[in-house]
There are 2 protein chains.
Amino acid sequence: MPASARDLTAIFDRNEIPDTYRISFLANSIIVPVYDGIKRDVGLNRGEYLLLFCLAHFAELTAQDVANMSGRPRNSISRGVHRMVAQGYIDRSPDKHDGRQAWLSITEQGRALHVRLVKRFKDREDEVLNGLNAAQRTQLSKLLQKLVLHTSSIG
Amino acid sequence: MPASARDLTAIFDRNEIPDTYRISFLANSIIVPVYDGIKRDVGLNRGEYLLLFCLAHFAELTAQDVANMSGRPRNSISRGVHRMVAQGYIDRSPDKHDGRQAWLSITEQGRALHVRLVKRFKDREDEVLNGLNAAQRTQLSKLLQKLVLHTSSIG
DNA sequence: TAAATATTGTTCTATTTGGAACAATATGCC
DNA sequence: GGCATATTGTTCCAAATAGAACAATATTTA
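Think of each chain on its own: its residues are numbered from 1, step by step along the sequence as written. In the order they appear in the text, chains get letters beginning with A and ligands get numbers beginning with 1. Per-residue local features are limited, in this predicted model, to residues with pLDDT of at least 70; the limit for side-chain atom pairs, both in listing and counting, is 80 or more; totals at the level of whole chains, interfaces and linings are taken over all residues. Derived side-chain values reflect all non-hydrogen atoms in the structure, with water molecules and hydrogen atoms excluded from consideration.

Draft legend 1. Focus on the interface of chain A and chain B. Contact definition: two residues touch when any of their heavy atoms are within 4.5 Å. Counting residues at the interface gives 65 residues for chain A and 65 residues for chain B. Each polar contact in these results corresponds to two N or O atoms within 3.5 Å; when the atoms are within protein, one needs to be able to donate a hydrogen and the other to accept it, and residues that are neighboring in sequence are counted only if both atoms are side-chain atoms. Our count for the chain A to chain B interface comes out at 16 residue pairs in polar contact (both at pLDDT 80 or more). Think of it this way: any DSSP run of H or I at least four residues long counts as a helix, any run of E at least two long counts as a strand, and we number them from the N terminus. Every element with two or more residues in the side of chain A that touches chain B is listed here: helix H1 (18–42), helix H2 (46–55), helix H3 (63–70), helix H5 (108–129) and helix H6 (134–154) of chain A. Tallying contributions element by element places H6 of chain A first for the side of chain A that touches chain B, with 15 residues.

The structure is reproduced here in structure tokens:
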């Protein structure tokens, strides 16, 4: 029996920033259990998975690109790159003209892993978003899309 | 000048889980800069702020309550409690009937800090959500509310 | 061309984080 | 009551995280 039988979910609606609270709650609800599973079953941490995810959608990226896209610091990416290269999930080839940077790409093996792992996110996404009917879900997608564009334009 | 002039925002729409990606992106866009500012200006980390936030909306909570509400492990809360008590933002009084637990509550000083800090979230929330007009924003709120209820019911 | 400034990716370091084990207390079961 | 099981909150420890400084290379400016 838990400590208190009081309704702690009251905070959902009775706080000063309900939309922020809800968005954050939903993000965590979808993502956290999936990352936990990936960590447990495959041994990849969040930064490593994000690296794989980014590279699954572009032919080539630099570490800096991934840092920009994922919002993680470059040193985290750097460590992830070395571990993922060692495990055969990504390739790394130094730029021929710019000695500082290197181009990263996903390997066949990495692609296969991505396909397997992204399904976990998709399944969990469906579980959560099934709280809406089809029309509502379309509506939500459009609103989110609009917001993301707006947000990346204001920085 | 950044590394690549390619359009890295293409990933917003061309991935397998666009809604998850968007929700996560929006959550981070709102929350991360505010937490960074709070850390910089007030010295509170995320767990400590969440503790303050939870206590601002309930008269009394146990550490376990806060762990349940915030999704953070109990040891993080425990550490936060001691720091926040030492700084005078929260009070802690052991339960008279159950020697294991203690009741936490926000102090006047803590309340004042909460009022000040939650404004930062509100301002950032508005910046981001101003990408929608009033009707759309209402629509979004309703959809999010519905999803949060659904999600907390499925666990 | 030379010097000042940028950028990339890395290492170093301190902080944050969370799992696991733990002591203290409470509850359930016989 | 007495023994097994829960729960609470804490400490311990290993991993993740991110800021800062750094070396190597490019670019810009004079």
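Draft legend 2. The arrangement of the protein's contact with DNA strand D in detail. Surrounding DNA strand D, one finds 24 residues, the nearest of these being Lys 39, Asn 75, Arg 79 and Gly 99 of chain A together with Ser 78 of chain B. Only a single heavy atom is needed: when it lies within 4 Å of a molecule or strand, its residue is near that molecule or strand. Looking at DNA strand D alone, sugar and phosphate atoms form 55% of those within 4 Å of the protein. With respect to DNA strand D, the side chain of Arg 100 of chain A contributes an N or O atom lying 3.4 Å from a sugar or linking oxygen. Separating a base oxygen of DNA strand D from a side-chain N or O atom of Arg 100 of chain B is a distance of 2.7 Å. Among the elements of the structure, helix H4 (74–86) of chain A together with helix H3 (63–70) and helix H4 (74–86) of chain B are those that each provide at least two residues to the surface near DNA strand D. Here the term charged refers only to Asp, Glu, Lys and Arg, the term nonpolar to Ala, Val, Leu, Ile, Met, Phe, Trp, Tyr, Cys and Pro, and the term polar to all other amino acids, Gly among them. Here the residues of the surface near DNA strand D are counted per class, giving six nonpolar, ten polar and eight charged.

Draft legend 3. Quick peek at the protein's contact with DNA strand C. Among the 25 residues in the neighbourhood of DNA strand C, the closest are listed as Ser 78 of chain A together with Lys 39, Asn 75, Arg 79 and Gly 99 of chain B. Each atom of DNA strand C within 4 Å of the protein was classed as base or backbone; sugar and phosphate made up 54%. Between DNA strand C and the protein, one listed contact pairs a phosphate oxygen with a side-chain N or O atom of Lys 39 of chain B at 2.5 Å. Between DNA strand C and the protein, one listed contact pairs a base oxygen with a side-chain N or O atom of Asn 75 of chain B at 2.2 Å. Residue assignment for the surface near DNA strand C shows that the elements contributing at least two residues are H3 and H4 of chain A together with H4 of chain B. For the surface near DNA strand C, the leading source of residues is H4 of chain A, giving four residues.

Draft legend 4. Up close: the packing of aromatic side chains. Note on aromatic contacts: the rings of Phe and Tyr and the six-membered ring of Trp form a pair at centre separations within 6.5 Å, being stacked when their planes are under 30 degrees apart, edge-to-face when over 60 apart, and tilted otherwise. Across all of its chains, the model carries 14 aromatic pairs over all chains by this definition. Where Tyr 35 of chain B meets Tyr 49 of chain B, the ring centres are 6.1 Å apart and the plane angle is 75°; that geometry is what we call edge-to-face. Of this pair, Tyr 35 of chain B sits in helix H1 (residues 18–42) while Tyr 49 of chain B sits in helix H2 (residues 46–55); the two residues are 14 residues apart in sequence, bridging distant segments of the chain. With respect to burial, Tyr 35 of chain B and Tyr 49 of chain B carry one shared label: buried. Aromatic pair Tyr 35 of chain B and Phe 121 of chain B: ring centres 5.4 Å apart, planes at 80°, arrangement edge-to-face. With a gap of 86 residues between them, Tyr 35 of chain B in helix H1 and Phe 121 of chain B in helix H5 (residues 108–129) connect regions that are remote in the sequence. Residue classification places Phe 121 of chain B among the buried residues on the basis of a relative accessible area of 3%. Within the aromatic cluster, the residues linked to one another by ring pairs are Phe 12, Tyr 21 and Phe 25 of chain A together with Tyr 35, Tyr 49, Phe 53 and Phe 121 of chain B. Accessible area is worked out with a 1.4 Å probe on protein chains only. A residue is then buried under 20% of its type maximum, exposed over 50%, and partly exposed in between.

Draft legend 5. Local environment of the environment of Asp 13 of chain B. Within the secondary structure, Asp 13 of chain B is located in the segment before H1. Taking the relative accessible area as the measure of exposure, Asp 13 of chain B reaches 40% and is therefore partly exposed. Beyond its immediate sequence surroundings of up to four residues, Asp 13 of chain B is in contact with Gln 145 of chain A together with Arg 22 of chain B. A polar contact of 3.2 Å, which involves the side chain of Asp 13 of chain B, links it to the side chain of Arg 22 of chain B.

Draft legend 6. The arrangement of H6 of chain A in detail. Expected helix span is taken as 1.5 Å per residue step, with the number of steps being one fewer than the number of residues. In this model H6 of chain A runs 31 Å from its N-terminal to its C-terminal C-alpha over 21 residues, within 8% of the 30 Å that 1.5 Å per residue would give. What H6 of chain A keeps buried is the set Gln 136, Arg 137, Leu 140, Ser 141, Leu 143, Leu 144, Leu 147, Val 148, His 150 and Thr 151 of chain A. Elements that come into contact with the buried residues of H6 of chain A comprise H5 of chain A together with H1, H5 and helix H6 (134–154) of chain B. Phi turns positive one or two residues past the end of H6 of chain A, at Gly 155 of chain A, with a value near 85°.

Draft legend 7. Looking closely at the relation of the copies chain A and chain B. The fit set for superposing copies consists of C-alpha atoms from residues with pLDDT of at least 70 in both; the fit itself is least squares. By a simple turn and slide, chain A fits onto chain B: the slide is 0.0 Å along the axis, the RMSD is 0.0 Å, and the turn is 180°. What the rotation and shift describe, once combined, is the action of a two-fold rotation axis. A share of 100% of interface residues in chain A that are also interface residues in chain B marks the association as one of identical surfaces.

Draft legend 8. View of H2 of chain A. With eight of ten residues buried, H2 of chain A lies mostly within the body of the structure. When H2 of chain A is considered as a whole, its buried residues turn out to be Glu 48, Tyr 49, Leu 50, Leu 51, Leu 52, Phe 53, Cys 54 and Leu 55 of chain A.

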